[in-house]
Amino acid sequence: MAAVLVVGGGAAGLMAAYSAAMLGAEVTVLERNSRPARKLMITGKGRCNVTNNTDLNGLVNAVTGNGRFMYSAFSNFTSQDTMSFFERYGVPLKTERGNRVFPESDKAVDIVDGLVRAVREAGVRIIQERVTELTVENGVILGVKCESGHSFTADSVIIATGGLSYPLTGSTGDGYCLARAKGHTVTELRPSLVPVNVAEGWCSAAQGLGLKNIGISVFKGDSAKPVYTDFGELMFTHYGLSGPVMLSASAYIREPENGDYRVVIDLKPALSEEKLDERLLRDFEANKNKDFINSLGELLPRKLIPVIVKLSKIEPGAKINQVTREQRQGLVRLLKNLTLTVTGFRPVDEAIVTKGGVSLSEVNPKTMESKLISGLYFAGEVLDLDAFTGGFNLQIAFSTGYSAGESAGGRY
């Protein structure tokens, strides 16, 4: 019977433990927190977007930069397999816009409970320990040493410690240190799927405002062709922009501190400029005796009205019947092209995932085994893998975890 140690009890680690145990391996998860899968509890605003209900190409194309590496793992454990897994362990699921999959209850705790239930039923032990060193001899893994002074021996070790994002959940980069100490290359670590800072100070006036059903385009330099477009939810913050569309857009932004990127928000994507102008004319006619600043209540959220009024350069106290055609058309263009300049990313501990990690050139894509150390495996965010929002990053965790556990559990 193979003895397998899994370092990290998150999504990737628990799935790795499960797949190894189902092959008859004796599996122990070493998790530094008192409860496993803490990061899962806060994903998807506490709802947990557990996967994306798409095909193999849909999964691969959602991975930023290293999608080809994931062909085998995604084929071995698909999004359909993830959905079947959770339904089998008592978590009914539903598919929403963009093929995003959530628990029917909208409670991330149900996903956590289902995952923990599966590994416990498979006979996996979960022990609270923080691993500080890998024990390796002649290029072969022998076990691990822990902060407590305890040592554990095993035939295989799977590192699934997560990245640097959300350090309060235990993702503090331990896996990178363990990998580096034994000769592995760790690529540059940066935030991905992260809010952005902007130059325009008016964002603080709209702080906390969330907008649904808006369009967004990201442009670099003077290019008229966007590097990214999307439709969905956006949030203004005291520093800039957040929300699902902005988090996804951040994956396409390189070196934002240069100020080369601008975000163009279409507040009314369902209306052409001509139709929006017609809408404004109707609103102005209904409010023709009001001041301009008091005429936009049907068109815009209250918090955004003073911002738009100031940017339009139309006097707030101007009567509607004094607003010229040119001013109205300028307002239309503003509503369709609200532009902000990106000046940087928020810190990595505010990111959803970490870009960078253990170099994929040193990992077997079919088994997730290290090419440098026999019996050592990697799974999840510790690898140089990240994807867009929509459940894809958790699917990377489940697929790499499953493949690593399957290979480790079947070694002997």
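The structure displayed is predicted, hence computed values, not measured ones. (Residues numbered from 1 in each chain as written. Predicted model: local features only at pLDDT ≥ 70, side-chain atom pairs only at ≥ 80, totals over all residues. Heavy atoms only, no water.)

This brings us to empty space enclosed by the protein. A complete count under the given rule lists one cavity of 30 Å³ or more for this structure. Here the largest cavity defines a volume of roughly 30 Å³. Lining the largest cavity, in full, are Arg190, Pro191, Ser192, Ser250, Ala251, Ile253, Arg254, Phe345 and Lys355. Ranked by residue count, the leading element in the lining of the largest cavity is strand β11 (residues 190–192), at three residues. Among the residues making up the lining of the largest cavity, the classes are represented as four nonpolar, two polar and three charged. (1 Å grid on protein atoms, 1.4 Å probe; cavity = no way out; pocket = protein on both sides within 12 Å on 5 of 7 lines; lining within 4 Å. Points joined across faces, edges and corners; volume = space filled by probe spheres on them. Helix = DSSP H or I, 4+ residues; strand = E, 2+ residues; numbered from the N terminus. Nonpolar A, V, L, I, M, F, W, Y, C, P; charged D, E, K, R; others polar.)

Attention shifts here to the sheet that holds strand β5 (residues 100–103). The strand order across the open sheet formed by three strands is β3-β5-β4, and the pairing between neighbours is antiparallel. The sheet terminates laterally at β3 (51–52) and β4 (93–95), the two strands that pair on one side only. (Pairing = 2+ DSSP bridges.)

Sizing a probe to match a water molecule and rolling it over the atoms shows the empty space that remains. Within this model, the second largest pocket holds a volume of roughly 170 Å³. Every residue lining the second largest pocket is counted, 13 residues in all, and those nearest its centre are Arg100, Tyr228, Asp230, Ser248 and Thr389. Residue assignment for the lining of the second largest pocket shows that the elements contributing at least two residues are β14 (228–236) and α7 (244–250). Per-element accounting of the lining of the second largest pocket gives the leading share, four residues, to β14. Of the residues belonging to the lining of the second largest pocket, the class tally is six nonpolar, four polar and three charged.

What follows covers the sheet that holds strand β1 (residues 3–7). Pairing in this open sheet of five strands is parallel, and the strands run β6-β2-β1-β10-β19 from one edge to the other. In this open sheet, the two edge strands, each paired with only one partner strand, are β6 (125–128) and β19 (376–378). On average, each strand axis in the sheet is inclined to that of its neighbour by 20°, with strand direction left out of account. Sheet topology places strand β2 (residues 26–31) next to β6; four bridges connect them, and they run parallel. Counted as the bridge partner of Leu30 is Ile127 from β6. (Axes fitted to C-alpha atoms, helices over the stretch in contact; angles between N-to-C directions.)

On to the packing of helix α8 (residues 273–286) against helix α10 (residues 325–336). Following both chains from N to C, one finds α8 and α10 inclined at 125°, their axes separated by 10 Å at the closest point. Overall, the two elements α8 and α10 adopt an arrangement that is oblique. Relative to α10, the crossing made by α8 is right-handed. Facing Glu273, Leu276, Asp277, Leu280, Leu281 and Phe284 of α8, the residues of α10 in contact are Arg328, Gln329, Leu331, Val332, Arg333, Leu335 and Lys336. Residue composition of the contact of α8 with α10, by class: seven nonpolar, one polar and five charged. (Parallel < 35°, antiparallel > 145°, perpendicular 65-115°, else oblique. Left-handed = near helix turned anticlockwise from the far one by under 90°. Contact = heavy atoms within 4.5 Å.)

Moving on: the packing of aromatic side chains. Taken as a whole, this structure holds ten aromatic pairs when the rule is applied. Note on Trp202 and Phe236: the rings are 5.6 Å apart at their centroids and 55° apart in plane angle, and the pair reads as tilted. Placement of the pair is Trp202 in the loop between β12 (196–198) and β13 (210–220) and Phe236 in strand β14, with a sequence separation of 34 residues. Its relative accessible area of 15% is what places Trp202 among the buried residues. In this structure Phe236 comes out as buried when scored by relative accessible area, which is 0%. Geometrically, the ring pair formed by Tyr252 and Phe388 is stacked, given 5.0 Å between the ring centres and 15° between the ring planes. Of this pair, Tyr252 sits in the loop between α7 and β16 (261–266) while Phe388 sits in the loop between β19 and α11 (392–409); the two residues are 136 residues apart in sequence, bridging distant segments of the chain. When its relative accessible area of 16% is taken as the criterion, Phe388 is described as buried. Aromatic ring contacts, followed pair by pair, group Tyr18, Phe85, Phe86, Tyr89 and Phe398 into a single cluster. Here the basic side chain of Arg47 rests over the ring of Phe102, its NZ or CZ set 3.8 Å away from the ring centre. A cation over an aromatic ring shows up here: Arg346 above the ring of Tyr239, its NZ or CZ 3.9 Å from the ring centre. (Phe/Tyr/Trp six-rings, centres within 6.5 Å; stacked < 30°, edge-to-face > 60°. Buried < 20%, exposed > 50% of the residue type's maximum accessible area, 1.4 Å probe, protein only. Lys NZ or Arg CZ within 6 Å of the ring centre and 35° of its normal.)

Take it as geometry only, folks, not as evidence of what the structure does.
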